[in-house]
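# Chain and residue survey
Here is how the chains run, residue by residue.
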Amino acid sequence: MARTMNDVLQQLTATLAERKGAAADSSYVASLHESGLNKILEKVGEEATEVILAAKDAQGTGTNDALVGEVADLWFHCMVLLSHLDLSAADVLSCLAKRQGISGLDEKASRATNG
Ligand SMILES: N=c1c2ncn([C@@H]3O[C@H](COP(=O)(O)OP(=O)(O)OP(=O)(O)O)[C@@H](O)[C@H]3O)c2ncn1[C@@H]1O[C@H](COP(=O)(O)O)[C@@H](O)[C@H]1O
């Protein structure tokens, strides 16, 4: 049965919460938490760079598997970051939901007007 985006994010969120208390030698996620915020931020930065490189490589080739894999790595490490700071994908989804229907151009213009 096909899993919805929500199912995948909810399952991963639950797994990440569970791994926060796990032994570092038994879990990659637990090892990231044990290494601390700076290590997690380093991984987010690394994965963001890998997304950029994969997107440039994929351009015009019609082959996007590597790019999709790198974006998955980036999303995953961002979710570990959120979990490390006691946040989750739900917080980001709720932020995006509030923004729905508000044009980025209008939001930017209102910021300029409000100083
Ligand atoms: N979705 C992921 C996921 N995506 C990517 N990765 C890992 O993220 C790492 C990415 O590292 P790099 O690409 O930088 O490659 P690397 O050379 O292995 O890493 P470094 O040596 O540079 O640190 C790899 O080890 C991947 O296996 C993930 N590890 C775990 N998950 C999920 O998290 C769950 C819990 O994982 P554990 O904590 O390992 O049990 C898993 O069941 C999955 O659902």
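As a starting point, this report considers the structure included with it. Only a predicted model underlies this, so the values are computations on that prediction, with no experimental measurement involved. (Residues numbered from 1 in each chain as written. Predicted model: local features only at pLDDT ≥ 70, side-chain atom pairs only at ≥ 80, totals over all residues. Heavy atoms only, no water.)

Turning our attention to the overall build of the chain. From N to C terminus, the chain includes 6 helices and 0 strands. Ordered by position from the N terminus, the helices and strands of the chain form the series α-α-α-α-α-α. Computed over its C-alpha atoms, the radius of gyration of the chain comes to 17 Å, more than 25% above the 13 Å expected for a compact globule of 115 residues. When each of the 115 residues of the chain is scored for burial, the buried share is 22%. Expressed as a percentage of contacts within the chain between residues at least 6 apart in sequence, the contacts between residues at least 24 apart total 58%. (Helix = DSSP H or I, 4+ residues; strand = E, 2+ residues; numbered from the N terminus. Rg over C-alpha atoms; globule rule 2.2 N^0.38 Å. Buried < 20%, exposed > 50% of the residue type's maximum accessible area, 1.4 Å probe, protein only. Contact = heavy atoms within 4.5 Å.)

Leu12, Thr15, Arg19, Ser27, Tyr28, Val29, Lys43, Glu46, Glu47, Asp73, Phe76 and His77 make up every residue found near the ligand. Notes on the ligand: free accessible area 840 Å², of which the protein chains cover 51%. Every element with two or more residues in the shell around the ligand is listed here: helix H1 (5-19), helix H2 (28-35), helix H3 (37-58) and helix H4 (65-84). When the residues that make up the shell around the ligand are grouped by side-chain class, the tally is 4 nonpolar, 3 polar and 5 charged. (Near = heavy atom within 4 Å. Areas by Shrake-Rupley, 256 points an atom, 1.4 Å probe, with all protein chains shown as cover. Nonpolar A, V, L, I, M, F, W, Y, C, P; charged D, E, K, R; others polar.)

Looking now at H3. The end-to-end C-alpha distance of H3 is 31 Å, a good match for the 32 Å that 22 residues give at a rise of 1.5 Å each. Ile40, Lys43, Val44, Glu47, Val51, Ala54 and Ala58 are the residues of H3 that are buried. Angularly, the buried residues of H3 cover 100 degrees about the axis, an arc narrow enough to put them on a single face. Residues of H3 that are exposed and angled more than 90 degrees away from the buried face: Asn38, Ile52, Leu53 and Lys56. In this fold, the buried residues of H3 make contact with H2 and H4. (Expected span 1.5 Å × (residues − 1). Arc of directions from axis to C-beta.)

Quick look at the packing of H3 against H4 now. Contact geometry of H3 with H4 gives a least axis separation of 9 Å together with a crossing angle of 160 degrees. On the basis of their axis angle, the class for H3 and H4 is roughly antiparallel. The chirality of how H3 crosses H4 is left-handed. Residue-level inspection shows Leu37, Ile40, Leu41, Lys43, Val44, Glu47, Ala48, Glu50, Val51, Ala54 and Ala55 of H3 in contact with H4, the latter providing Ala66, Leu67, Glu70, Val71, Asp73, Leu74, His77, Cys78, Val80, Leu81 and His84. For the contact of H3 with H4, the residue count by class is 15 nonpolar, 2 polar and 5 charged. (Axes fitted to C-alpha atoms, helices over the stretch in contact; angles between N-to-C directions. Parallel < 35°, antiparallel > 145°, perpendicular 65-115°, else oblique. Left-handed = near helix turned anticlockwise from the far one by under 90°.)

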